[in-house]
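Observations on the model geometry
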Amino acid sequence: MSEPSITVLPIYQTNLKKIILKNDELEVVLLNYGARLHQIFAPDKHGHMENVLLSYDKLEDVLTDQSYFGATVGPVAGRIRDGLWNEQQLEKNSGKHHIHGGTNGWSFQFWDVEIFKTPQSVGVVFYLKDTSSGYPGPIITTVTYRLIKNKLEMTTTANSPVETICNPTNHAYFNLSGDGKRDIETHQLQVQLDSMLELDHEHLPTGERIKRKALPLDFYKPRTLSEILSHYPKGLDDVFLLSNPKLSKNILTLSEEISGRQLAIATTNKSVVLFSTTGFDADFSINGKKMHSNYGLAIEPQEIPDIVHFPAFGSINLHPGQERISQTNYEFSQL
Ligand code: G6D
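Looking at an unreviewed UniProt entry, one finds the chain named Aldose 1-epimerase and attributed to Candidatus Enterococcus wittei. Of the comments in the UniProt record for the chain, the one headed Catalytic activity (unreviewed entry) reads "alpha-D-glucose = beta-D-glucose". A UniProt comment under Pathway (unreviewed entry) is attached to the chain, and it reads "Carbohydrate metabolism; hexose metabolism."

Following this line, the structure appears as structure tokens:
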């Protein structure tokens, strides 16, 4: 067993910093721009380390990113109808709606960096005092990534001196085949869900749920993405309401039989948005290939999108003096 290590690398002629957390089981590369998960190298069934995220080949491309690759998304992830919370008008950056914290949201700001080391783990704390997203604030937030054995723990905190709203997520796109060798159809997905949210034609919740039994397939059983996509030909861009999520229980697993990699996720959040990148073709290069449809699966744990308009589902209000904490753990293993 070798000691876990942390390296901080400033990127020449940019404000970017790469932070590399490494132990015998995983290597995690983070960026201070958007407190991003840039790459995760995990072993396949033969112990071969490869990247299991979709990552820009040219690091500088992250500075013009519009698709939240690996990014912390906030203050509020997902869409908010008409960009309205109470009397507060948020930026309308998705048609007449607001999405993912707006054009100056947390994904597009530089965060301060502090690294730490304990006998069992290495990690980094990203700090941001957000005064530019246009939300009531400032919102003081941290995202801590801690690498411990085969697990990456991600903890987000937020507080504000004024009443505001907060529902952050991470927007990493996963592809377990290794360096994006195969598309997601070869993967298997299993989600312990209660129901899915019904969405309208603009991808906003209607307030209705679709019960698990009424779905075209049972996500409780592992299903290949190729089977799932045959039922969802336009792809997944859906909100799964989780069944009793807690950190002691994995609520979602994604695996790929050919590489033998498995990712298990536990979270404190009540829902997860899954976005299969179906129809997402773009001119930039990701893991040596042009970005294309069904290349990755974004797994975004969060509270229910547009919840500000559905108080029956709960609240994401952040009261003065309140500390909001959420956590998601990513555990990698072999089948
Ligand atoms: C989120 O749900 C949304 C998608 O609709 C969007 O295209 C993507 O982020 C960038 O997953």
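**What about the overall build of the chain?**
Counting its secondary structure elements, the chain contains one helix and 30 strands. For the chain, whose C-alpha radius of gyration is 19 Å, the value lies close to the compact-globule estimate of 20 Å for 335 residues. In terms of principal-axis extent, the alpha carbons of the chain reach across some 55 × 45 × 40 Å. Buried residues in the chain amount to 56% of all 335 residues. Expressed as a percentage of contacts within the chain between residues at least 6 apart in sequence, the contacts between residues at least 24 apart total 64%. Accessible surface for the chain amounts to roughly 13700 Å². Of this, 50% is attributable to carbon and sulfur atoms. In the chain, 31 positive and 39 negative side-chain charges are present, and the distance between their average locations comes to 4 Å.

**Notes on the UniProt feature "binding site: beta-D-galactose" (unreviewed entry) in the chain**
Mapped onto the present numbering, the UniProt feature "binding site: beta-D-galactose" (unreviewed entry) falls at His171, Ala172, Tyr173 and Asp237. Judged by maximum C-alpha separation, these annotated positions cover 67 residues in sequence but sit close together in space, the widest gap being only 14.1 Å. Here His171 shows up in the loop between β16 (169-170) and β17 (173-174). You can call His171 buried: its relative accessible area is 3%. Apart from the residues within four sequence positions on either side, His171 is in contact with Ser67, Tyr68, Phe69, Gly70, Ala71, Val73, His100, Phe275, Ala298 and Glu300. Apart from the residues within four sequence positions on either side, Asp237 is in contact with Arg79, Leu199, His203, Val273, Leu274 and Phe275.

**Observations concerning the pattern of salt bridges**
On inspection of all chains with the given rule, the structure shows twelve salt bridges. The partner of Arg182 in a salt bridge is Glu256, and the shortest N-O contact between them spans 2.7 Å. Highlighted residues: Arg182 in the loop between β17 and β18 (187-191) and Glu256 in strand β23 (residues 252-256), separated in sequence by 74 residues. Judged by relative accessible area, Glu256 falls into the buried class, the value being 0%. Taken together, the shared-partner salt bridges connect Glu50, Lys181 and Arg261 into one network.

**Structural notes on the site of the ligand**
For the ligand, the full set of nearby residues is Tyr68, Arg79, His100, His171, Asp237, Phe275 and Glu300. The separation between an oxygen atom of the ligand and a polar side-chain atom of His100 is 2.9 Å. Glu300 is positioned such that a nitrogen or oxygen atom in its side chain is 2.6 Å from an oxygen atom of the ligand. When the residues that make up the shell around the ligand are grouped by side-chain class, the tally is two nonpolar, two polar and three charged.

**What to know about the UniProt feature "active site" (unreviewed entry) in the chain**
When the UniProt feature table is mapped onto this chain numbering, "active site" (unreviewed entry) sits at His171 and Glu300. Their sequence span is 130 residues, while the largest C-alpha to C-alpha distance among them is just 5.5 Å; these annotated residues converge on one region. Locating Glu300 in the fold gives a position in strand β28 (residues 297-302). Here Glu300 falls in the buried class, since its relative accessible area comes to 3%. Not counting residues within four places of it along the chain, the set of residues in contact with Glu300 comprises His100, Thr169, Asn170, His171, Ser271, Val272, Val273 and Phe275.

**Looking at the packing of aromatic side chains**
A complete count under the given rule lists 16 aromatic pairs for this structure. Ring centres of Tyr56 and Phe69 lie 4.8 Å apart, and the angle between their planes is 50 degrees; on these two criteria the pair is classed as tilted. With Tyr56 in the loop between β5 (49-51) and β6 (72-73) and Phe69 in the loop between β5 and β6, this pair connects stretches of sequence that are 13 residues apart. Between Phe280 and Phe284, the aromatic rings sit 6.3 Å apart at their centres with planes inclined by 80 degrees, giving edge-to-face as the arrangement. Clustering of aromatic rings is evident, with ring pairs tying together Tyr56, Phe69, Tyr173, Phe275, Phe280 and Phe284. Lying across the ring of Tyr220, Arg212 places its NZ or CZ 3.8 Å from the centre.

**Here's the deal with the nonpolar core**
Of all hydrophobic cores here, the largest spans 70 residues; its most connected members are Leu189, Phe219, Leu274 and Ile299. Other than its neighbours up to four places away in sequence, Leu189 contacts Phe219, Lys221, Pro222, Arg223, Leu225, Ile228, Leu236, Leu252, Thr253, Leu254, Leu274 and Leu297.

Calculation notes
- Every residue gets a number counted from 1 within its own chain, in the order that chain's sequence is written.
- In view of the model being predicted, local features appear only for residues whose pLDDT reaches at least 70, and side-chain atom pairs are presented and counted only at 80 or more, with totals across whole chains, interfaces and linings using the full set of residues.
- Only hydrogens and water are set aside; all other atoms, that is, all heavy atoms of the structure, feed into the side-chain values.
- UniProt positions are given in the numbering used here, feature names are shortened, and annotations may be inferred rather than shown by experiment.
- Starting at the N terminus, helices and strands are each numbered in turn, a helix being any DSSP run of H or I of at least four residues and a strand any DSSP run of E of at least two.
- Values of the radius of gyration come from C-alpha atoms, whereas the globule rule sets the reference at 2.2 Å times the count of residues to the power 0.38.
- Type-normalised accessible area, obtained with a 1.4 Å probe on protein chains alone, sets the label of each residue: buried when under 20%, exposed when over 50%, and partly exposed for intermediate values.
- What makes two residues a contact is simply this: any of their non-hydrogen atoms within 4.5 Å.
- Residue-level accessible areas treat just the shown protein chains as cover; the underlying method is Shrake-Rupley with a 1.4 Å probe.
- None of His or the chain ends enter the tally, which takes Lys and Arg as positive and Asp and Glu as negative.
- Charge placement uses NZ in Lys and CZ in Arg. For Asp and Glu, CG and CD serve respectively.
- For this document, the term salt bridge refers to a Lys or Arg side-chain nitrogen within 4 Å of an Asp or Glu carboxyl oxygen.
- Here a residue is near a molecule or strand as soon as one of its heavy atoms is found within 4 Å of it.
- Pairs of N or O atoms are called polar contacts if they sit within 3.5 Å, as long as, within protein, a hydrogen donor faces a hydrogen acceptor (for residues adjacent in sequence, only side-chain-to-side-chain pairs).
- Each residue receives one of three labels: charged for Asp, Glu, Lys and Arg, nonpolar for Ala, Val, Leu, Ile, Met, Phe, Trp, Tyr, Cys and Pro, and polar for the others, Gly being one of them.
- Any two rings among Phe, Tyr and Trp, with Trp reduced to its six-membered ring, count as a pair given centres within 6.5 Å; such a pair is stacked if its planes are under 30 degrees apart, edge-to-face if over 60, and tilted if neither.
- Any Lys NZ or Arg CZ that is within 6 Å of a ring centre and within 35 degrees of that ring's normal is treated as a charge sitting over the ring.
- For the purposes of this section, nonpolar cores are sets of buried Ala, Val, Leu, Ile, Met, Phe, Trp, Tyr and Cys residues that join through side-chain atoms within 4.5 Å.

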